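Each chain is listed here by its residues.
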Amino acid sequence: MQGAAATAQDAPLDLRAAVRFALDHNASIASRQATLANDEAQFAKDHSTEYPPVTGLLENQLIKQSNASSGSLAQYGITSASALSTFSQNTAQIGTQWTVYNGSYNQIFAQRAKRQVEADRDNLRRAQQQLVQDVSNAYYTVSVRRENVRLDFADEAYQAALLQVARDNERVGRAAGVDVLRSQVNALRAQATLATAQSDEATARESLAQTIGAPPEQAFVFADALPEPALPATPLAELVTTAEANRSDIAGAAADLANARLANSIIDTDRFPTLQLAATVNLFTGLPLPPSGRGSPGFWQIGATETLQIGFAEYGSRHAQHRAARYAIDSAQTALDTARYAVETDVRQALRGAQTAASNLTTAKQASALGAESARIAQLQYKNGLISLTDATQAERDNLSAQNDLVNARVNYIDAVVHLRVAVGTSDPPAIVDFRP
C-alpha cells in the first residue's frame, strides 16, 4: 500500500483517478471487502451442503503376522497356516451419502448465508458511493478555493488600479486625499484576502489527499473550467424504473421478503418424509501377495431410506410459529414497499434538485457577466470623476459576490448531478464522477 501511495505522488491525479485511488486505499472499504469475502466463503460452504458430496477412498492394508490370532491351540504350540501369512490389500472406491430434506434445513442456512452476502455487498456499495461523493466534494472544494484565489488576484489588481486613479486624481485636484487613504485600505484588505484564500486552497488540497488516503503532498490536476454535464433526457418514470432495478436497498428488501417466506415454509418440513440416498462404487480391490488371488472385480451398491415421522399432539406451537412467520412476511413486504417509495422519492428529489441547480447556474452566469461589466464601467467612471470611490468599490464588491455565486452555482450543479447518479443506482463508482461528453 505504501508503494502504491509513493507511486501516486509522481503522477498528478484528476477526479476519476482520485476516486479510483481512494477506493483502493480507503481503510473502511478494505474492511468491508474483507468481510464480504469471508461471508462469500461461508455461503459457498453452506450452499455446498445442498448437493450430494462425492468422496474417494484409496486404501492400502499391509499386515504381517506370526503366531497371532491362532485361537485356543496357541498355548500348545500349534499354529494355523493363516497365522504365518503376510496380507496386503489395495482398494479404490468412490461413494456418496446424501440426506434429502423436503424444504431442507440446509436450504434455509444457505439462504441466510446468501442474504448476508447480499447485505455485505449492499454495505460495500453504499460505502463506495459515499466515498465517491466525499472525494467529489473535497475535489471541488479545492476547485472553489482555486477560483477564489483567482478572483482575489483580480480584486487585488482592481483595488491597485483604483489606488493609482485616486493618487492621479489627488494630484490634479479632482479627488480629496481621503480617497487615497481609503484606496490604500482597500488594497491592503485585498492582499490579506488573497493570502487567506491561498492558505485555504493549500488546506483544501491536503484535506483532499487525506480523504483519498494519499500523502499530504499528493499532486492533483484541476481543469481551468468546472464541468457542466448535461441533464439526463430520460423521463422520470424511466429513471425510477432503472433505480428500482439497480438500487441494492430494494434488492436487499426483496431478499428479506423471500427469506421470510422460506422461513414460514420451513416450519412444516417435519411433516414431510426424509429421504436418504447412499451409493458406493468399488473400482478395484487387489490382493497382490500369494496365496490370495491377484485381484477381484469391483462392485457397486446403492440404497435409499425414507422416513416419515408425524407428531399428533403439538399443543398449538405450530400455529403460533406460522402466526409469527406471517407477521414477519407482512413486515418484510411493508419494508420492501417502503424501500420502493423511498427510492422513487429520492430520484424525484434528486432530479428536481439537478434541474433547479441548472436553472440557478444559468441565472448566476448572467449575473456574473453583468457584475463584471458593471465593475469595469465603474472603474472608468471613477477615473473620469463621474462617480465616487465608494460607488466604484461597491461595484467591485457586487462583482466579486456575483463571481463567487457563479462558482458556487457550478459546484452545486455538479453535486446535484452526482446525487442524481447515485439515486438512480450507477453500478460503477468511478462512473459517478465521469463528466466526459
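Treat the numbers as computed from the prediction; the structure is a model and nothing was measured.

Scoring rules and cut-offs
All residue numbers here refer to positions counted from 1 along the written sequence of the relevant chain. pLDDT decides what is reported in this predicted model: residues at 70 or higher carry local features, side-chain atom pairs at 80 or more are listed and counted, and totals for whole chains, interfaces and linings draw on all residues regardless. Water and hydrogen atoms were dropped before computing side-chain values, which therefore reflect all heavy atoms in the structure. Per the convention used, a helix needs a DSSP run of H or I reaching at least four residues, while a strand needs a run of E reaching at least two, with both numbered from the N terminus. Here's how the labels work: a residue is buried when its accessible area is under 20% of the maximum for its type, exposed when over 50%, partly exposed in between, all with a 1.4 Å probe on protein chains only. In this description, contact between two residues means that some pair of their heavy atoms is separated by no more than 4.5 Å. Surface exposure here means Shrake-Rupley accessible area, sampled with a 1.4 Å probe, where a residue is shielded only by the protein chains that are shown. How far a helix is expected to stretch is found by multiplying one less than its residue total by 1.5 Å. Residues enter patches when their relative accessible area tops 30% and they take part in no salt bridge; the joining distance is 9 Å for like charges and 5 Å for the nonpolar side chains Val, Leu, Ile, Met, Phe, Trp and Tyr. A side-chain nitrogen of Lys or Arg and a carboxyl oxygen of Asp or Glu constitute a salt bridge if their distance falls within 4 Å. Axis geometry follows a simple rule: fit a line to the C-alpha atoms, using only the stretch in contact for helices, then measure angles between N-to-C directions, giving values from 0 to 180 degrees. By definition in this entry, angles of less than 35 degrees are roughly parallel, angles greater than 145 are roughly antiparallel, angles of 65 to 115 are roughly perpendicular, and the rest are oblique. Whether a crossing is left-handed or right-handed is set by the direction in which the near helix is turned from the far one by less than a right angle, anticlockwise for left-handed and clockwise for right-handed. Only the six-membered ring of Trp is used, alongside the rings of Phe and Tyr, when aromatic pairs are assigned; centres must lie within 6.5 Å, and planes under 30 degrees apart are stacked while those over 60 apart are edge-to-face, with the rest tilted. By construction, the arc corresponds to the directions joining the helix axis to the C-beta atoms. Note on residue categories: nonpolar means Ala, Val, Leu, Ile, Met, Phe, Trp, Tyr, Cys or Pro, charged means Asp, Glu, Lys or Arg, and polar means any other residue, Gly included. Buried Ala, Val, Leu, Ile, Met, Phe, Trp, Tyr and Cys residues that are joined via side-chain atoms within 4.5 Å together make up what is termed a nonpolar core. Confidence scores labelled pLDDT are given residue by residue by the predictor and lie between 0 and 100.

Engineer: Looking at this structure, how should I read the overall build of the protein?
Structural biologist: Looking only at helices and strands, the protein has 9 helices and 4 strands in total. Helices and strands appear in the protein in the N-to-C order α-α-α-β-β-α-α-α-α-β-β-α-α. Looking at the 437 residues of the protein, the share that counts as buried comes to 35%. Look at the contacts in the protein between residues 6 or more apart in sequence, and 82% of them connect residues 24 or more apart. Total accessible area on the protein stands at roughly 25000 Å², and carbon and sulfur atoms take up 54% of it.

Engineer: Would you take a moment to explain helix H8 (residues 317-383) for this structure?
Structural biologist: Residues spaced three or four apart along an α-helix face the same direction, because each turn holds 3.6 residues. Relative to the 99 Å expected for 67 residues at 1.5 Å per residue, H8 spans 95 Å between its end C-alpha atoms, a close match to the ideal helical length. The first or second residue beyond H8 is glycine 385, which carries a positive phi of 75°.

Engineer: Sorry, what's going on with a nonpolar patch on the surface here?
Structural biologist: Together, Val54, Ile94, Val281, Trp300 and Ile302 give the surface a local cluster of nonpolar side chains, amounting to about 570 Å² of exposed area. By the secondary structure assignment, valine 54 is in the loop between helix H3 (27-48) and strand S1 (55-64).

Engineer: Would you mind going over the packing of helix H5 (residues 177-212) against helix H9 (residues 389-424) with me for this structure?
Structural biologist: The description of two helices packed together rests on the angle between their axes and the distance between the axes. Across the interface, H5 lies against H9 with an axial gap of 11 Å and an inter-helix angle of 15°. Judged by the inter-axis angle, H5 sits roughly parallel to H9. Once H5 is placed against H9, the crossing between them reads as right-handed. Touching Asp179, Arg182, Ser183, Asn186 and Arg189 of H5 are Leu389, Thr390, Thr393 and Arg397, all from H9.

Engineer: How should the packing of aromatic side chains be read in this particular structure?
Structural biologist: The geometry of two aromatic rings is summed up by the distance between their centres and the angle between their planes. Scanning the model with the defined rule gives 3 aromatic pairs in all. Taken together, a centroid distance of 6.4 Å and an interplanar angle of 50° make the contact between phenylalanine 220 and phenylalanine 222 tilted. One aromatic cluster in this structure is built from Tyr139, Tyr140, Phe220 and Phe222.

Engineer: Please explain the side chain of glutamine 129 as it appears in this structure.
Structural biologist: With respect to the helices and strands, the residue glutamine 129 is situated in helix H4 (residues 105-171). Glutamine 129 has contacts with Val422, Thr426 and Ile432, leaving out every residue within four places of it along the chain.

Engineer: So what exactly am I meant to see when it comes to helix H6 (residues 236-246) here?
Structural biologist: Turning to H6, its buried residues number three or more, namely Leu239, Val240 and Ala243. For H6, the angular spread of buried residues about the axis comes to 100°, placing them on one side. Opposite the packed face of H6, turned more than 90 degrees from it, sit the exposed residues Ala237, Thr241 and Ala245.

Engineer: What is the right way to look at the packing of H8 against H9 in this model?
Structural biologist: Their axes nearest at 7 Å, the elements H8 and H9 cross at an angle of 160°. Overall, the two elements H8 and H9 adopt an arrangement that is roughly antiparallel. In this structure, H8 crosses over H9, and the sense of that crossing is left-handed. When the residues that make up the contact of H8 with H9 are grouped by side-chain class, the tally is 23 nonpolar, 9 polar and 5 charged.

Engineer: What is the right way to look at the nonpolar core in this model?
Structural biologist: A general feature of soluble globular proteins is that nonpolar side chains tend to end up buried together. Ranked by internal contacts, the top residues of the largest apolar core, which has 65 residues, are Leu15, Val135, Tyr140, Leu208, Ile212 and Phe220. Secondary-structure elements contributing two or more residues to this core are helix H2 (15-25), H3, H4, H5, H6, helix H7 (248-266), H8 and H9. Excluding its chain neighbours within four sequence positions, the residues that come into contact with valine 135 are Leu15, Ala18, Val19, Ala22, Leu208, Thr211 and Ile212. Within the second largest apolar cluster, 12 residues are counted, among which are Tyr158, Ala166, Val180 and Ala375.

Engineer: Would you explain the pattern of salt bridges in this entry?
Structural biologist: It is possible for side chains of opposite charge to pair when their charged atoms get near one another. Scanning all chains against the criterion turns up 14 salt bridges. Across the salt bridge formed by arginine 16 and aspartate 434, the nearest N and O atoms sit 3.6 Å from each other. Of this pair, arginine 16 sits in helix H2 while aspartate 434 sits in the segment after H9; the two residues are 418 residues apart in sequence, bridging distant segments of the chain. Overall, the relative accessible area of 21% leaves aspartate 434 in the partly exposed class. Across the salt bridge formed by lysine 365 and glutamate 228, the nearest N and O atoms sit 2.7 Å from each other. Placement of the pair is lysine 365 in helix H8 and glutamate 228 in the loop between H5 and H6, with a sequence separation of 137 residues.

Engineer: Please clarify how the confidence of the model for the protein should be interpreted in this entry.
Structural biologist: For any part of a model where pLDDT is low, the fine detail of the predicted coordinates should not be relied upon. Summarising the model, the protein shows a mean pLDDT of 82, and 84% of its residues fall at 70 or more. Within the protein, no element has a lower average pLDDT than helix H1 (residues 2-9), which sits at 48, and none a higher one than H8, at 93. Confidence drops under pLDDT 50 across residues 1-8; counting only partners more than four residues distant or on other chains, this segment forms 8 contacts.

Engineer: Teacher, can you tell me more about the environment of asparagine 384 here?
Structural biologist: Inspection of the secondary structure puts asparagine 384 in the loop between H8 and H9. The exposure class assigned to asparagine 384 is exposed, which follows from its relative accessible area of 51%. A sequence separation of 219 residues divides asparagine 384 from valine 165, and the C-alpha atoms of the two residues are 9.1 Å apart.

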